[in-house]
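Coordinate analysis (summary)
The lines below spell out each chain.
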There are 2 protein chains.
Amino acid sequence: MGRKPTGRPTSFDIAYAAGVSQPTVSRALRGDKSVSEKTREKIRQIAQDLNYTVDKNASSLRSQRSNTIALLFFEDPTPDQSMINPFFLGMLGSITRACANRGLDLLISFQQMEDDWHVQYQDSHRADGLILLGYGDYTLYRERLDQLEEQGTHFARWGSVSMDSSGATVGTDNVQAGRLAGEHLISKGRKGIAFLGHAGEQYPEFAGRYSGLCEALKSAGIASDKSLQYDAITTEEAGYAAAKALVESGQSFDAVFAASDLIAIGAMRALAEAGKRVPGDVAVVGFDDIPAASLTTPPLTTIMQDVRGAGEALVETLLAQVEGRDLPPRKLPGKLIVRGSTGG
Amino acid sequence: MGRKPTGRPTSFDIAYAAGVSQPTVSRALRGDKSVSEKTREKIRQIAQDLNYTVDKNASSLRSQRSNTIALLFFEDPTPDQSMINPFFLGMLGSITRACANRGLDLLISFQQMEDDWHVQYQDSHRADGLILLGYGDYTLYRERLDQLEEQGTHFARWGSVSMDSSGATVGTDNVQAGRLAGEHLISKGRKGIAFLGHAGEQYPEFAGRYSGLCEALKSAGIASDKSLQYDAITTEEAGYAAAKALVESGQSFDAVFAASDLIAIGAMRALAEAGKRVPGDVAVVGFDDIPAASLTTPPLTTIMQDVRGAGEALVETLLAQVEGRDLPPRKLPGKLIVRGSTGG
DNA sequence: TTTCACAATGTGAACGTTCACTGTTGTTTT
DNA sequence: AAAACAACAGTGAACGTTCACATTGTGAAA
């Protein structure tokens, strides 16, 4: 179980074996065109035989580029232990893939809002840039974002695109997606559509979804009723509470558009307890299409965000920024997934 | 959006400002006792004022220690895109936390079985060690593990502890957990207990769970019936297929112990389609306690693995190995979570 | 033939730390 | 009072690359 007695080989060893100078080895392995095809191939072969790999630390130190990006998750101070929003976990997968495709390494870290994450990674040269992921109260981290920007840190974030953009942003077109949900419910003959989710500017994504819903209602000539909007952050508990409040208010409604699947799942629980049948009495639409959405009874109709596209877009946007060309913010369309909770 | 015109400060700048030599700065910031309390504090203060952080690359290069570990997920060649086993995602969270507590950075990467992951990370000095995560056919990657070990790579893996251990291993005590599940079902009066999951040595974890079940049956004086064991890998589809085969076989059974929650969920779907009621006709127990387990109807009774403990144990074991002291393999107990699928 | 350009490699330094020593002081021991 | 020893700080080198520039050889243009 001990370590190899002999140290691992360096580029000098390869150089010696190949009968060239050490920098030539470096050039060859990077695929530099100024090394002849022949020597390049020879060096590659020797490197492989000797089991040599470039030392990333030395490389990064000298070139001032780590080919690594850091992924920072953050949520409101997590109440319980480690219940991470499943949607972001899907995102993690797609970002990982996007990085792998480009030969980038990915550092990951979960952050509490209070931490001073804003200084750590890029400054210590661990990463060339940051990807920021997380719902939550926008106003809370707005300040940090500005600070990042001021520091000249490269970052891309997932979130609401519509806000006066702080840095490079990629997000779902929440208004379009909200409209999609609204139109679907309306097409099912529903008119009293409640919205569960914050609609204030602290939660611009939710607000976008709500205004999309309102647009759909308006287009259909239905008056939207502000009293049918109930605040909820993105947890199952919040959804349960909001739906319960809705039911107990005595207002009449025949559909619920939840700002996230977790909210929707909580809401369905509350509706069931209140004796409301889904979709008979109340149709329910969620948002995100998390894995659990297809496992509820009835299965949840929801808006799927383009997770795969998002990962690609985030990495691409960040990379562009690192290389000095800023890309415009990008909105990805949502897609309606029809399941049982709206009557199939 | 441009970069700071002036380069970021180095330890020399701090040294100059503090009126000491540069290595003293390095020592002070590492908390070296050989720097007097006074100067240490002074240097800390100046560093903070100047917004200085230690360059991780230089530090790692010189000290030959990256304070980073790499987390490698791998599964059987993923059929569809990025459906990652939710259980491992929970694990990711706990490992992240365990790393953060120790000031370690975490690199993550998803691997196809075919890739040559076994050489990459530690050799290039990106990471001090590897954590390997993934179910799957053991025989498939067994060879790679041996290779890693031979290379002197430090790694810890999550998996079956009982096998002739390749390297440092942490895992759930599958036999104990299986017994727990069996005892619970027996206490509910069930006697015809089917097991859905591979029981061969390619899947030692599943096999352990099965033998735990058999132990429980034996202790209760019930003969275990090998024909009630159906192979299934850990997906919802596999669970569906296995349960369907079970039903169609015409054998009588009144309980199902699934080797994973996904299998259980698939099985419940098949049972529902076959007109069997859960838990009335058939009680169901899963394994893992993934988030979706509490959202099914009825909610799924399951065995919870100690995810938090696992993350801690893996990181600790790995760290020990890096520091030259090998820790023995570790088994963590499973915990029964009783929900509706076994009658509450 | 001379000249210039270009392709291919070599040379020396630099990236920003940490390591192993060497010097200082000032305090204790005998 | 000399010797011994801490406690603290400084000096020079080293980690393994990549960079900027200098050097060589070769063939085409003059």
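Values in this document were obtained by computation on a predicted structure and should not be read as measured data. (Residues numbered from 1 in each chain as written. Chains lettered and ligands numbered in written order. Predicted model: local features only at pLDDT ≥ 70, side-chain atom pairs only at ≥ 80, totals over all residues. Heavy atoms only, no water.)

Next up on the list: the overall build of chain A. Scanning chain A from terminus to terminus reveals 12 helices and 12 strands. Scored against the burial criterion, the 344 residues of chain A give a buried share of 56%. Long-range contacts, defined here as pairs at least 24 residues apart, represent 74% of the contacts in chain A between residues at least 6 apart. (Helix = DSSP H or I, 4+ residues; strand = E, 2+ residues; numbered from the N terminus. Buried < 20%, exposed > 50% of the residue type's maximum accessible area, 1.4 Å probe, protein only. Contact = heavy atoms within 4.5 Å.)

Okay, the pattern of salt bridges next. All names here are of chain A. This structure, assessed with the given rule, holds 26 salt bridges over all chains. Note that Glu312 is salt-bridged to Arg102, the shortest N-O span being 3.0 Å. On the criterion of sequence distance, the pair formed by Glu312 in helix H12 (residues 307–322) and Arg102 in the loop between helix H5 (86–101) and strand S2 (105–112) is long-range, its members being 210 residues apart. The exposure class assigned to Arg102 is partly exposed, which follows from its relative accessible area of 31%. (Salt bridge = Lys/Arg side-chain N within 4 Å of Asp/Glu carboxyl O.)

Turning our eyes to something else, we now look at the environment of Cys99 of chain B. All names here are of chain B. Here Cys99 shows up in helix H5 (residues 86–101). For Cys99 and His154, which are 55 residues apart along the polypeptide, the C-alpha to C-alpha distance reads 16 Å. For Cys99, the contacting residues outside a window of four places in its chain are Ile69, Leu104, Leu106 and Val315.

Attention now moves to the protein's contact with DNA strand C. If you check the shell around DNA strand C, you find 28 residues, and the closest are Ser21 of chain A together with Ser11, Ser26, Tyr52 and Arg62 of chain B. For DNA strand C, the backbone makes up 59% of the atoms found within 4 Å of the protein, where backbone means sugar plus phosphate. In the model, a base nitrogen of DNA strand C is placed 2.8 Å from a nitrogen or oxygen of the Arg27 of chain A side chain. Elements with a minimum of two residues in the surface near DNA strand C: helix H2 (22–30) and helix H4 (56–63) of chain A together with helix H1 (11–18), helix H2 (22–30) and helix H4 (56–63) of chain B. Its residues placed into classes, the surface near DNA strand C shows eight nonpolar, 13 polar and seven charged. (Near = heavy atom within 4 Å. Polar contact = N/O pair within 3.5 Å; in protein donor to acceptor, adjacent residues only side chain to side chain. Nonpolar A, V, L, I, M, F, W, Y, C, P; charged D, E, K, R; others polar.)

Turning to the domain arrangement of chain A, a few remarks are in order. For chain A, the domain assignment lists domain 1 (11–54), domain 2 (68–171 + 307–331) and domain 3 (174–306 + 336–342). A separation of 60 Å is found between the C-alpha centroids of domain 1 of chain A and domain 3 of chain A. (Domains from an automatic or database assignment.)

The next subject is the protein's contact with DNA strand D. Taken together, 27 residues form the shell around DNA strand D, and within it Ser11, Ser26, Tyr52 and Arg62 of chain A together with Ser21 of chain B come nearest. Counting only atoms of DNA strand D within 4 Å of the protein, the sugar-phosphate share comes to 61%. At a separation of 2.5 Å, a phosphate oxygen of DNA strand D approaches a polar side-chain atom of Ser11 of chain A. At 2.7 Å, a side-chain N or O of Tyr52 of chain A approaches a phosphate oxygen of DNA strand D.

Turning next to the relation of the copies chain A and chain B. Each of the two copies of the chain can be brought onto the other by a rotation about an axis and a shift along it. In screw terms, the move from chain A to chain B is a rotation of 180° and a rise of 0.1 Å along the axis, fitting with an RMSD of 0.2 Å. In short, the pair behaves as if placed about a two-fold rotation axis. Take the interface residues of chain A: 98% of them recur as interface residues in chain B, which is what a same-surface contact looks like. (Least-squares fit on C-alpha atoms with pLDDT ≥ 70 in both.)

Note on interface size: it is often stated as the accessible area lost on association of the parts. Tallying the contact residues gives 51 residues for chain A and 50 residues for chain B. Counting the surface lost from both chain A and chain B, the interface buries some 4600 Å², and carbon and sulfur atoms represent 54% of this. Taken together, the links from chain A to chain B amount to two salt bridges. Taking the shortest distance from any N to any O, the salt bridge between Asp105 of chain B and Arg126 of chain A comes out at 2.7 Å. Our count for the chain A to chain B interface comes out at 13 residue pairs in polar contact (both at pLDDT 80 or more). Mapped onto the side of chain A that touches chain B, the elements with two or more residues apiece are H4, H5, S2, helix H6 (117–123) and helix H7 (138–151) of chain A. The element best represented in the side of chain A that touches chain B is S2 of chain A, accounting for six residues. Here the side of chain A that touches chain B is composed, by residue class, of 18 nonpolar, 20 polar and 13 charged. (Buried area = accessible area lost by both parts, 1.4 Å probe.)

The next subject is the sheet that holds strand S8 (residues 255–258) of chain A. Residues and elements named next belong to chain A. Strand order in the open sheet made by the six strands is S7-S6-S8-S9-S10-S12, with mixed pairing throughout. Only two strands of the sheet have a single neighbouring strand rather than two, namely strand S7 (229–230) and strand S12 (335–337). Alignment of S8 against strand S9 (residues 283–288), held across three bridges, turns out to be parallel. For Phe257, the partnering residue across the bridge sits in S9 and is Val285. Across the sheet, helix H9 (residues 204–219) lies against strand S6 (193–196), S7, S8 and S9, angled at about 170° from S6, the strand it touches most. The sheet contacts of helix H11 (residues 261–273) involve S6, S8, S9 and strand S10 (301–304), and relative to S9 the element is tilted by about 155°. (Pairing = 2+ DSSP bridges. Axes fitted to C-alpha atoms, helices over the stretch in contact; angles between N-to-C directions.)

Right, let's get into unusual backbone geometry. With an omega dihedral of 5°, the bond running from Val278 of chain A to Pro279 of chain A counts as a cis peptide bond. Residue Thr297 of chain A is joined to Pro298 of chain A through a cis peptide bond whose omega torsion reads -10°. In this structure, Gln64 of chain A takes a positive phi of about 60° despite not being glycine. Examined against the element boundaries, Gln64 of chain A turns out to sit in the loop between H4 and strand S1 (68–75). Unlike most non-glycine residues, Asn51 of chain B shows phi in positive territory, near 65°. Inspection of the secondary structure assignment puts Asn51 of chain B in the loop between helix H3 (37–49) and H4.

Attention now moves to the sheet that holds strand S10 (residues 301–304) of chain B. Residues and elements named next belong to chain B. A sheet is described by the order of its strands in space; here six strands give the open sequence S7-S6-S8-S9-S10-S12, paired in mixed fashion. In this open sheet, the two strands that pair with only one neighbour each are strand S7 (229–230) and strand S12 (335–337). Relative to S12, S10 runs antiparallel, the two sharing three bridges. Looking across to S12, one finds that Ile303 is bridged to Leu336. Across the sheet, helix H8 (residues 174–187) is in contact with strand S6 (193–196), strand S8 (255–258), strand S9 (283–288), S10 and S12; its angle to S9 comes to roughly 160°. The strands that helix H10 (residues 236–248) touches are S6, S7 and S8; relative to S6, the one it contacts most, it runs at about 145°.

Okay, the pairing of S6 of chain B next. All names here are of chain B. Neither face of S6 is left uncovered, since the one carrying Ile193 and Phe195 and the one carrying Ala194 and Leu196 both have all their residues buried. Across four bridges, S6 lies against S8 in parallel orientation. Paired with Ala194 across the two strands is Val256, which belongs to S8. Here S6 pairs with S7 via two bridges, running parallel. Bridging from a neighbouring strand, Leu196 pairs with Tyr230 of S7. Regarding the hand of the β-α-β motif, the stretch spanning S6, helix H9 (residues 204–219) and S7 is right-handed. (Right-handed = clockwise from strand over helix to strand, strands pointing away.)

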